[in-house]
Amino acid sequence: MMDCWKGAICSSWIYPTLIICANGFFSTMRPSESFLTPYLTGPDKNLTVEQVTNQVFPVWTYSYLALLVPVFLITDYLRYKPILLLQGISFIVTWLLLLFAHGLVAMQLVEFFYGMVTATEVAYYAYIYSVVSADHYQRVTSYCRSITLVAATLAAVLGQLLVSLADVSYFHLNAITLASVSLAFVCSFLLPMPQKSMFFHRKGVSETLPQPDKAGAGLSSNTSSSCQQDKGCAPADTGPTPAQQAQQPEPQHHVLRVLVQLGKDLKDCYSSRKLLYWSLWWALATAGFNQVVNYIQVLWDFRAPSHSSAVYNGAVEAVATFLGSATSMAVGYVKVNWDLTGELALGIFSAMDAGSLFLMYFTDNIWACYAGYLAFKACYMLLITIATFQIAVNLSMERYALMFGFNNFIALVIQTILTIVVVDSNGLGLGISTQFLVYSSYFTFIAGIFLTRSVYTIISIKCRNTSMAGEPTDH
């Protein structure tokens with residue numbers, strides 16, 4: 001009976017999906033996160049706004065950049081679950097330090113471990129594809145992404161209600177968050193260990209990655225459930241047959257071959273002009289978006305100091321998350337030829353992002369500042385959904401994961417440059433209001449690139465149509 005139960009768990013897609021969704025829910029259920037800046041600058045930690053802005057928050061960007069590439073490769077090599085456990089430990093250490101440690105250096109250490117948390121997020125989104133078959137990809141992807149949006153919204157609403165109605169302290173909000181991320185760590189232990197991964201432990205490792213026009217075939221040929229249907233679970237220590245061992249390359253040669261193949265695939269992907277432009281916007285805009293989100297609480301605290309004003313950070317984040325989800329969902333119902341109008345949309349909505357940031361810079365009214373942030377996040381979420389679809393539609397799962405990781409890496413490099421020059425006390429160390437003037441100018445630059453490009457494309461199409469219309473027809 002027990003063997004049958006284990007076999008059913010191992011062969012089913014339902015069990016790992018439930019556990020990974022539970023992990024995603026509890027790891028995202030962080031009601032204290034909307035109130036981080038008031039907590040750090042309040043009596044609990046007693047840091048100045050300048051210390052938080054110029055010395056504490058930049059550490060997250062630097063640690064994230066330093067850890068992203070090695071963690072991305074190690075995640076695939078170790079087959080995801082160990083990295084999910086590492087993420088759980090990093091979450092717990094982050095909030096233990098946030099609760100009980102004091103001083104500038106301790107809070108910088110908090111940001112380092114949070115950088116580890118964000119660097120290991122790739123394991124959450126990649127894990128499920130290694131334990132379910134390809135025909136369940138769409139369903140489990142929607143579950144995994146939806147549950148994090150639900151958790152983020154609930155966390156923001158809960159945090160706001162506890163602060164505004166129950167007068168719960170920021171310290172106790174962080175204690176609730178610690179309990180939630182600890183439950184996520186427990187869920188990580190319950191996950192079955194994958195038998196394959198996208199790059200280093202693929203079925204048919206000697207084959208190259210699928211070509212962009214063979215995405216469907218690539219997905220079907222490179223995915224299988226971790227246990228054979230109707231045969232229970234294969235023993236974890238079952239090794240390859242002698243014939244398979246003779247065909248497999250030495251481990252170090254295999255790793256080198258995979259890395260070389262990844263480089264070739266990146267080159268092939270970016271040789272497509274369409275993918276190059278969408279990826280360029282992705283990297284530029286994501287760098288600016290992350291920078292804005294990272295420092296928006298500091299701007300709110302500057303416009304309406306938390307020690308003398310009511311704080312509505314949680315409510316604003318909840319509405320922003322809902323609007324982002326709604327705009328993302330709306331993309332699926334809009335019938336637009338993105339090949340023709342995509343660059344124009346990137347330019348227009350990037351200009352709207354720039355306008356929202358200019359509003360946040362020029363206004364002294366906290367409600368106008370809130371409204372600008374809502375518009376900014378909604379526009380970005382709309383465009384990043386379109387960009388994700390446009391990139392993914394022509395690629396295999398492996399190549400999409402590769403481009404996703406590389407685009408985010410480039411975004412993080414740009415964000416690090418912005419942080420060093422604009423934010424860090426060793427750079428310009430600008431005040432928070434002046435920083436948002438820089439960010440608004442940055443998005444104006446992005447909008448200019450794509451509006452100019454879209455005008456050029458439209459003119460080229462008209463000229464081509466005119467020349468074709470003027471050609472004599474054969475009789």
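In the block above lies the structure referred to throughout.
Keep in mind the model is a prediction, meaning the values are calculated, not measured.

A.B. asks: What's the story with the overall build of the protein in this structure? I'm lost.
C.D. replies: When helices and strands are counted, the protein shows 18 helices and zero strands. Expressed as a percentage of its 475 residues, the buried residues of the protein come to 48%. Total accessible area on the protein is roughly 22400 Å²; 67% of this is exposed by carbon and sulfur atoms.

A.B. asks: Where do I start with the packing of helix α13 (residues 273-303) against helix α14 (residues 313-331) in this structure?
C.D. replies: Axis angle and axis distance: for two packed helices, these are the angle between their axes and the distance between the axes, and together they describe the pair. Where α13 meets α14, the closest approach of the two axes is 12 Å, and the angle between their N-to-C directions is 135°. Overall, the two elements α13 and α14 adopt an arrangement that is oblique. Judged by the twist between their axes, the crossing of α13 over α14 is right-handed. Residues Ile 296, Gln 297 and Trp 300 of α13 form the contact with α14, whose own contacting residues are Asn 313, Val 316 and Glu 317.

A.B. asks: What am I meant to see in a nonpolar patch on the surface here?
C.D. replies: Side chains of Leu 344, Ile 348, Met 352, Leu 451 and Ile 458 sit close together on the surface and give an oily, nonpolar patch of about 370 Å² of accessible area. Looking at the nonpolar patch, the elements with two or more residues in it are α15 (338-362) and α18 (432-470). For the nonpolar patch, the element with the highest residue contribution is α15, accounting for three residues. Checked against the element boundaries, Ile 348 lands in helix α15. For Ile 348, a relative accessible area of 40% puts it in the partly exposed group.

A.B. asks: What is the right way to look at the nonpolar core in this model?
C.D. replies: The nonpolar side chains of a soluble globular protein tend to be buried with one another. Judged by nonpolar contacts, the single largest core of 115 residues is most densely connected at Met 107, Trp 281, Met 360 and Phe 436. The contact partners of Met 107, leaving out residues within four places of it in the chain, are Leu 40, Lys 45, Leu 47, Val 56, Leu 97, Leu 98 and Ala 101.

A.B. asks: What exactly am I supposed to notice about the packing of aromatic side chains here?
C.D. replies: Where two aromatic rings form a pair, the distance of their centres and the angle of their planes describe that pair. Tallied over the entire structure, the rule returns 22 aromatic pairs. With a centroid separation of 5.8 Å and 15° between ring planes, the pair formed by Phe 289 and Phe 376 is classed as stacked. With a gap of 87 residues between them, Phe 289 in helix α13 and Phe 376 in helix α16 (residues 366-392) connect regions that are remote in the sequence. With relative accessibility at 9%, the residue Phe 289 sits in the buried group. With a centroid separation of 5.4 Å and an interplanar angle of 90°, the aromatic rings of Phe 376 and Phe 443 are classed as edge-to-face. Linking Phe 376 in helix α16 with Phe 443 in helix α18, this pair joins segments that are 67 residues apart in sequence. Taking relative accessible area as the criterion, Phe 376 reaches 0% and is therefore assigned buried. One aromatic cluster in this structure is built from Trp 281, Phe 289, Phe 376, Tyr 380, Tyr 442 and Phe 443.

Conventions we followed
Residues numbered from 1 in each chain as written. Predicted model: local features only at pLDDT ≥ 70, side-chain atom pairs only at ≥ 80, totals over all residues. Heavy atoms only, no water. Helix = DSSP H or I, 4+ residues; strand = E, 2+ residues; numbered from the N terminus. Buried < 20%, exposed > 50% of the residue type's maximum accessible area, 1.4 Å probe, protein only. Areas by Shrake-Rupley, 256 points an atom, 1.4 Å probe, with all protein chains shown as cover. Axes fitted to C-alpha atoms, helices over the stretch in contact; angles between N-to-C directions. Parallel < 35°, antiparallel > 145°, perpendicular 65-115°, else oblique. Left-handed = near helix turned anticlockwise from the far one by under 90°. Contact = heavy atoms within 4.5 Å. Patch = residues over 30% accessible without salt bridge, like charges linked within 9 Å, V, L, I, M, F, W, Y side chains within 5 Å. Salt bridge = Lys/Arg side-chain N within 4 Å of Asp/Glu carboxyl O. Core = buried A, V, L, I, M, F, W, Y, C linked by side-chain atoms within 4.5 Å. Phe/Tyr/Trp six-rings, centres within 6.5 Å; stacked < 30°, edge-to-face > 60°.

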